[in-house]
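# Fold and contact review
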Amino acid sequence: MTEAALVLEDGTVFRGTAYGKRGRALGEAVFSTGMTGYQETLTDPSYAGQIIVQTAPHIGVTGVNAEDDESKRIWAEGYVVRAASRFTSNWRSEETLEARLEREGIVGISRVDTRAVTLHLRDKGSMRAGVFSGDELTADADMLAQVLNSPEMAGRSLSEAVSVTEPEHYDAIGERIGSVAVLDLGIKSSTIQYLRERGFELTVLPQDTSFEQLSALAPDGVFYSNGPGDPAASTGQIELLQQILRADIPYFGICFGNQLLGRALGFDTYKLTFGHRGINQPVLDTATGRVEITSQNHGFAVDAPIDEVVDSPAGFGRVKVSHYSLNDQVVEGLEAIDIPAFSVQFHPESAAGPHDSVHLFDRFRESINIRKGTTNA
């Protein structure tokens, strides 16, 4: 077995065994609390720039396959698990997880006490880290210096790294009810599928699309996807969204799209201590009182009052918080009352589950139908 080390920026070192490619990975160490869905997690572009620590102790038993990918590649910088499965046991498996990690150049580490890592990150906060193995496994002081020289997540714009470079077109599935312009900030394939199933013809656009280019499509609605990075660094996408809101085009955003709506409406965003990541996050819908279990992956949040309707600081009318976390009261959704715009911080398209919030795609369809004056909502 090849030795490996996980080095955190505060100097804490966890020893283990190399898993996947041997080498070096640098990124922000974050923990994900999902018991299932490791393939969807790894291929979620929102994890770009991050080293994922899985809290579930056994990883890899169901292998991986091409069908369950959420994008064209693994985006995580590194991977940390406690017990990597020694065998694969699932009829849909096409490859072992370790073989996939090695093939895509993902440096990982196993046989780590991930409970201890998670508790450390929970108490100290997400931080820069490195996974080192093979020739890159050197003296602790040298490895720590490399970690400290790596970029922090705050202030980083990563949309360009994960977005398409040219527009991509998708036909509606079933009866076509309208067209949606999708700004790709790190979109997942299941999101595209759910929108198409609602009768939307989609044009997936690069992250640097201008309002002139978008409006030339005459879309019935606009969707902002999930994605990585600091929303405060996405000034171009925020300015574009403000133009969309002024044009009164129905808008729906998820995850990063929620943070960008918050900033477009004039609210601030801030970095969470350790974020919300996993498929077991409880959220309250303030309109219905219903609790939904959601899939989440975010390290930043919108700073807005959760218990009152307020005026948009940017002049877009009244705004209310539509959802908030029952764990820590973090804003999990926004609704603009005077314009057709809403967003949620979680992932209603969660491929690995849960599916409590999938109805939000129907709400977007209804918003577009109301704007068009049709009744087939």
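Right, let's walk through the structure included here. Worth saying up front: this structure is predicted, and the values here are computed from it rather than measured. (Residues numbered from 1 in each chain as written. Predicted model: local features only at pLDDT ≥ 70, side-chain atom pairs only at ≥ 80, totals over all residues. Heavy atoms only, no water.)

### A word on the overall build of the protein
In plain terms, the rule: Working definition: helices are DSSP H or I runs of at least four residues, strands are E runs of at least two. Numbering for both runs from the N terminus. Only C-alpha atoms enter the radius of gyration; for comparison, a globular chain is expected to reach 2.2 Å times N to the power 0.38, where N is the number of residues. Exposure categories follow from relative accessible area, calculated using a 1.4 Å probe and restricted to protein chains: below 20% of the type maximum is buried, above 50% is exposed, and the middle band is partly exposed. In this description, accessible areas are obtained by the Shrake-Rupley approach with a 1.4 Å probe, and a residue is regarded as covered only by the protein chains that are shown.
Secondary structure assignment for the protein yields 10 helices and 20 strands. Relative to a compact globule of 377 residues, whose C-alpha radius of gyration would be 21 Å, the protein shows 21 Å and is just as compact. In terms of its C-alpha atoms, the protein occupies a principal-axis envelope of roughly 65 × 45 × 40 Å. Per-residue burial over the protein gives 57% buried out of 377 residues. For the protein, the accessible surface area stands at approximately 15,100 Å², while carbon and sulfur atoms represent 47% of it.

### Some thoughts on the pairing of strand β20 (residues 341-344)
Definition in use: When DSSP finds two or more bridges between a pair of strands, those strands are recorded as paired.
Where burial is concerned, the two faces of β20 agree: the one with A341 and S343 and the one with F342 and V344 are both buried. Judged from the 4 bridges that link them, strand β14 (residues 251-254) and β20 form a sheet pairing that is parallel. The residue of β20 that forms the bridge with I254 is V344. Bridge count between strand β19 (residues 331-336) and β20: 4 bridges; the pairing is antiparallel. By the bridge assignment for β20, G333 is matched with V344. A loop of 4 residues connects β19 with β20, the two strands running antiparallel in sequence.

### Some thoughts on helix α3 (residues 114-124)
Under the convention used in this document: The arc refers to the directions leading from the helix axis to the C-beta atoms.
Buried within α3 we find T114, V117, T118, H120 and L121. Looking straight down α3, one finds its buried side chains confined to an arc of 160°; they lie on one side. α3 presents R115 and D123 as exposed residues on the side facing more than 90 degrees away from its buried surface.

### Brief notes about the nonpolar core
Test applied: Nine residue types can take part in a nonpolar core, namely buried Ala, Val, Leu, Ile, Met, Phe, Trp, Tyr and Cys, and a core is a set of them joined through side-chain atoms within 4.5 Å.
Counting residues in each nonpolar core, the largest one holds 34 residues, and the members touching the most others are V222, Y224, L241, I244, L245, Y251 and L261. At the level of elements, β11 (178-183), α7 (211-215), β13 (221-224), α8 (235-246), α9 (256-264), β18 (318-325) and β19 are the ones that each hand at least two residues to this core. If one sorts the elements of this core by residue count, α8 sits on top with 5 residues. Membership of the second largest hydrophobic core comes to 22 residues, among which are V180, V182, V283 and F346.

### Examining unusual backbone geometry
Only a minority of non-glycine residues have a phi that is not negative, and only a minority of peptide bonds are not trans. Phi angles above zero are rare outside glycine, and D248 is one such case at about 65°. The topology assignment puts D248 in the loop between α8 and β14. Under the relative-accessibility criterion, D248 is labelled partly exposed at 30%. Although it is not a glycine, C255 sits at a positive phi angle of roughly 60°. Along the chain, the position of C255 falls in the loop between β14 and α9. Classification of C255 by relative accessible area gives buried; the value is 1%.

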